[in-house]
Amino acid sequence: MIVFTIRSTLYLIYLRYSFIQNLEKIISNKNIVSLRSSITLIILVSLISACNPTKYVPQNESLLDEVRVTVNKEGIKKADLMPYIKQKPNKRIFGAKFHLGLYNLSDIDKEKWPHSWLRNIGEEPVIYDPYSTGKSVEQMRSYIASKGYFDSKVKDTVETANRKSKVFYNVDLKSPYIIRNIYYQFADTTIEKFFYFDSVNCLIERGKPYDVDVLQAERSRFERFIRDRGFYSFSGDHIYFNVDSTPGNRKVDIYYGVRKAMKLADGGKVTLVPHSIYRIRNIYIFPDFVPKDVLEGGEAYRESLDTTLVDGYYFITPNIRPHMKPDLIVQSLYLKPGTAFNVTNSEQSQSHLMSLKTFRLVNIFYNEITETDGKQGGNNWLDCTIQLTLLSQQSFRVEVEGTNSAGNLGGALNFIYQHKNLFRGAELFDLKLKGAYEALSQQDTIRSIQEYGVETSLRFPKFLLPFVKTEGFIKKYNPSTSLLAAYNYQNMPFYTRTMANATFGYTWNGNTYTTHIVNPVQFNLVNLLRIDPDFEARILSSSYLAYSYRDVMILGGSYSFIFNTQKIQRSHDYWFVRLNAETSGNILGLIGNLAKMNKTDGVYNILGQAFAQYVRADIDIRYNVILNDVSSIVYRGFAGAGIPYGNSRAIPFEKQYFGGGANGIRAWQVRTLGPGSYVPDQSKFLNQTADIKIEANAEYRFKLFWILEGAVFLDAGNIWSFNNDPTRPGSQFILKSFYRDLAVGTGAGLRFDLSFVRMRVDMGMKLRDPWITTGSRWIPLSRKYDFKDDFAFVIAIGYPF
């Protein structure tokens, strides 16, 4: 044992010395190869250094090695107790304290680089602190008492060996205290009437366990309810709860009370008075509010303002035409003169105005009118002021960007013009001129794609529906109408084509988490200008491919539903679900049938162009599990199918699915997987597509150091054709046996977080190959690995999903 320890220590010293030498070479030679080698060396040495975690632990201290919480019964989750633990061990990746290993690589007595850098990107050892353990016990006791477990116990046990301490927190829960009765103490009879009117929504229930969080939630709920009824000066401080635990038998009584408002009477004496309802007297809107002009202009600026009354709202502007149409601003407001104050309406007005993406600042505030001026008919009055500061209306920019199409890297040069208020109604206009080049690498062959095009879009912050009033819908769902048009010229390795498309659609929010996108009109026109003779001969041998590569017109519509909880819970687990459905050619097919049009080669033609007829739907589900500050797991499932019918034998090439690549099953290069168990001619350029796709992925992500993040992943899935294709045997989807065609791959990767963009390098390794025709399709059980055929490297931008 002593000899082993000495050898390990000497080896670690050697690796640290080699690591420092490598870094010095990088600085002097700026050698990228050395940088890549040193990154690998850093990871290796850090893992080894983590094996000696007590290196910088003071002699009479111990390292906090592990913290564990046990709860004897259901009622309190372990995860709910973790935030109350003051000391947590050093972070782990795959069980190793990698970041502590980075810290231990440095020489703590040296401040020069790389020692200070290693300490900065690493994590210093967490020294066990008995005081923090005691505070953790106190806070956990307080938390479980707040959940009704008043007499439950929390004990800590510390085990120390080899200068490492393990802390065990044991939570002994008794039965929780139950709410027996709720007694109400309302000093204000008006508030009491409102409460009983809304008592069905009260969150506190008899027979439920006592819970402080429920009381706080009820306080917030009732405060908003009352303030939405015009009680401007009411707040949560007027609500109180008293708890009586003397009834016995583990029961408590809750006293729910509301205090009167305090008011200064004559002579400065404080008196208690009933809460008052406030109404909005006037609403003053400053649509072109510039804080700098107000501060610098002073009285002269205020005298230059002009007031205009529009639908009961006062618009105050300088003596120039307002940049924004007043009716659009009024349409976005939930506030009206003469109505009772409503805090929710104020918040929704602010949110709706910001969603126009035209204003940099939206400020809404109220001024209470003095009693002599404001008391009319027994009411109290408020004046509402809305200050709107505009963003810059027009912008030009030139973008040089990296592109990533399923792992094929390239670059693009874009000229972009944007106008955020084209017709003074918050219409967002975009114009993009684009030129792009992309390298297409496959089977040791590098080809290129050139693309040139123009894209334009116009978004209206409302529904453009004739003869339909949508004001109420606009206030509730914040819809928009979009017009898009684009024209692209693409020079591909085996063909050249042009694509023109136009889309008209609507977008609106269902609630906080959901978005709906409806495009009733989607028009695409694809024309093939050039095709390589050898490639043409190849596709003509397959009816599926022959129908895929042809001039085609697509006229149809689509619907998308998006559910996303990430915006609400950024630091918690979240879901993302996207459902897409589209159809094409039904109206044109109906016209062809009714008009009894003649068919050419078995299909209808409109203006000399065949049109596509199909239905297509897919679903993408992702679940992100946050494990700790440095690691997470992402699960993804995808399923989609496109079915041609009527005027089509195959869905258009642009709508077909493909497998492999940087965002799919990464052990296969893009478009080389499938369909099914079909084995293509690998001597030719592979571009496999099909009608059906099923895929599942799991990826474990973790932060390493500096800008580096790591990942390991597992991918499975394939693509299939819907109809039987004799030229591609094994490609058809068969429900009872499709699982036999599933491809499985695994691998690892690095991510480089550059702030403005995240670069990604992944290496995939095949585990199960549908191309294997004899024996097991699991490669480790059937044959030896071939580095050239069974491994794939992809360089991409952004996360795969």
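Check the entry above for the structure.
Let me sum up the structure you'll find in this document. Since this is a predicted model, take the numbers as computed values, not measurements.

### Details of the sheet that holds strand E12 (residues 359–368)
Judged by pairing direction, the sheet is mixed, and its five strands sit side by side in the order E10-E11-E9-E13-E12 without closing on themselves. In this open sheet, the two strands that pair with only one neighbour each are strand E10 (306–310) and E12. Sheet twist, expressed as the mean angle between neighbouring strand axes with direction ignored, is 25°. Running over the sheet, helix H11 (residues 343–355) touches E12 and strand E13 (380–390) and is turned about 160° from E12.

### Here's the deal with the pattern of salt bridges
Inspection of the entire model under this criterion finds 38 salt bridges. Asp-769 is the partner of Arg-783 in a salt bridge, and the nearest nitrogen-oxygen pair spans 3.9 Å. With a gap of 14 residues between them, Arg-783 in the loop between helix H17 (779–782) and helix H18 (787–790) and Asp-769 in the loop between strand E30 (758–768) and H17 connect regions that are remote in the sequence.

### Comments concerning H11
End to end, H11 covers 19 Å across 13 residues, agreeing with the expected 18 Å (1.5 Å per residue, within 8%). Along H11, the positions that sit buried rather than exposed are Val-343, Ser-346, Ser-349, His-352 and Leu-353. Turning to H11, the residues buried within the fold contact helix H8 (212–227), helix H10 (326–331), E12, E13 and helix H13 (471–477). N-capping of H11 is provided by Asn-342, with a side-chain oxygen placed 3.0 Å from the backbone N of Thr-344. Lys-357, located one to two residues past H11, shows a positive phi value of around 60°.

### Section: the pairing of strand E5 (residues 239–248)
Alignment of E5 against strand E6 (residues 251–258), held across seven bridges, turns out to be antiparallel. Residue pairing in the sheet places Val-243 in a bridge with Ile-254 of E6.

### Things to note about empty space enclosed by the protein
Throughout the structure, instances matching the rule amount to two cavities of 30 Å³ or more. When its volume is computed, the largest cavity comes out at roughly 130 Å³. Looking at the largest cavity, it is lined by 14 residues, and the ones nearest its centre are Tyr-547, Arg-550, Val-552, Ser-648 and Ala-650. Across the lining of the largest cavity, the residue classes tally to eight nonpolar, three polar and three charged.

### Quick notes on the layout of surface pockets
Its boundaries defined by the atoms lining it, the second largest pocket holds a volume of some 1200 Å³. Counted by class, the lining of the second largest pocket contains 11 nonpolar, eight polar and 14 charged residues.

### Overview of the environment of Phe-234
By secondary structure assignment, the location of Phe-234 is in the loop between H8 and E5. Between the alpha carbons of Phe-234 and His-275 there is a distance of 7.1 Å; along the sequence they are 41 residues apart. Excluding residues that lie within four positions of it along the chain, Phe-234 makes contacts with Ile-191, Glu-223, Ile-226, Arg-227, Ile-239, Val-258 and His-275.

### Remarks on the side chain of Lys-420
In this structure, Lys-420 sits in the loop between strand E15 (408–419) and strand E16 (428–442). One buried charged residue, Lys-420, remains without a salt bridge, the closest side chain of opposite sign being Asp-430 at 7.8 Å. A distance of 3.2 Å separates the side chain of Lys-420 from the side chain of Gln-418, its partner in a polar contact.

### Some details on the sheet that holds strand E1 (residues 63–71)
If you trace the three strands from one edge of the open sheet to the other, you get E1-E3-E2, paired in mixed fashion. The open sheet terminates on both sides in strands that have one partner only, identified here as E1 and strand E2 (153–161). Sheet twist, expressed as the average angle between the axes of neighbouring strands with direction ignored, equals 15°.

Rules and cut-offs
- Here the residue numbering is sequential within each chain, running from 1 through the sequence in written order.
- Only residues with pLDDT of 70 or above have their local features reported here, since the model is predicted, and side-chain atom pairs are shown and tallied only from 80 upward, although totals for entire chains, interfaces and linings are computed over all residues.
- Derived side-chain values reflect all non-hydrogen atoms in the structure, with water molecules and hydrogen atoms excluded from consideration.
- The pairing criterion for strands is at least two bridges between them, as found by DSSP.
- Put simply, DSSP H or I for four residues or longer makes a helix, DSSP E for two residues or longer makes a strand, and each gets a number counted from the N terminus.
- Structural elements are reduced to axes, namely lines fitted to C-alpha atoms, with helices fitted over the stretch in contact, and the angle between N-to-C directions of any two is expressed from 0 to 180 degrees.
- The criterion used for residue contact is that any of the two residues' heavy atoms lie within 4.5 Å.
- Salt bridge, as used here, is a side-chain nitrogen of Lys or Arg placed within 4 Å of a carboxyl oxygen of Asp or Glu.
- Expected span of a helix, by definition, is 1.5 Å for each gap between consecutive residues, and there is one gap fewer than residues.
- Only protein chains enter the accessibility calculation, which uses a 1.4 Å probe. A residue is then buried if its area is under 20% of the maximum for its type, exposed if over 50%, and partly exposed in between.
- Polar contacts, as used here, are pairs of N or O atoms within 3.5 Å; protein pairs need one atom able to donate a hydrogen and one able to accept it. Residues neighboring in sequence count only if both atoms are side-chain atoms.
- As defined here, a cavity is a set of points on a 1 Å grid over the protein atoms alone where a 1.4 Å probe fits but cannot get out. A pocket is an open set with protein on both sides within 12 Å along at least five of seven lines, and residues line them when an atom is within 4 Å of a point.
- Grid points are joined across faces, edges and corners, and a volume is the space filled by probe spheres set on the points.
- In this count, Pro and Cys sit with the nonpolar residues alongside Ala, Val, Leu, Ile, Met, Phe, Trp and Tyr, while Asp, Glu, Lys and Arg are called charged and the others, Gly among them, polar.
- Only four residue types enter the charge count: Lys and Arg as positive, Asp and Glu as negative, with His and the chain ends excluded.

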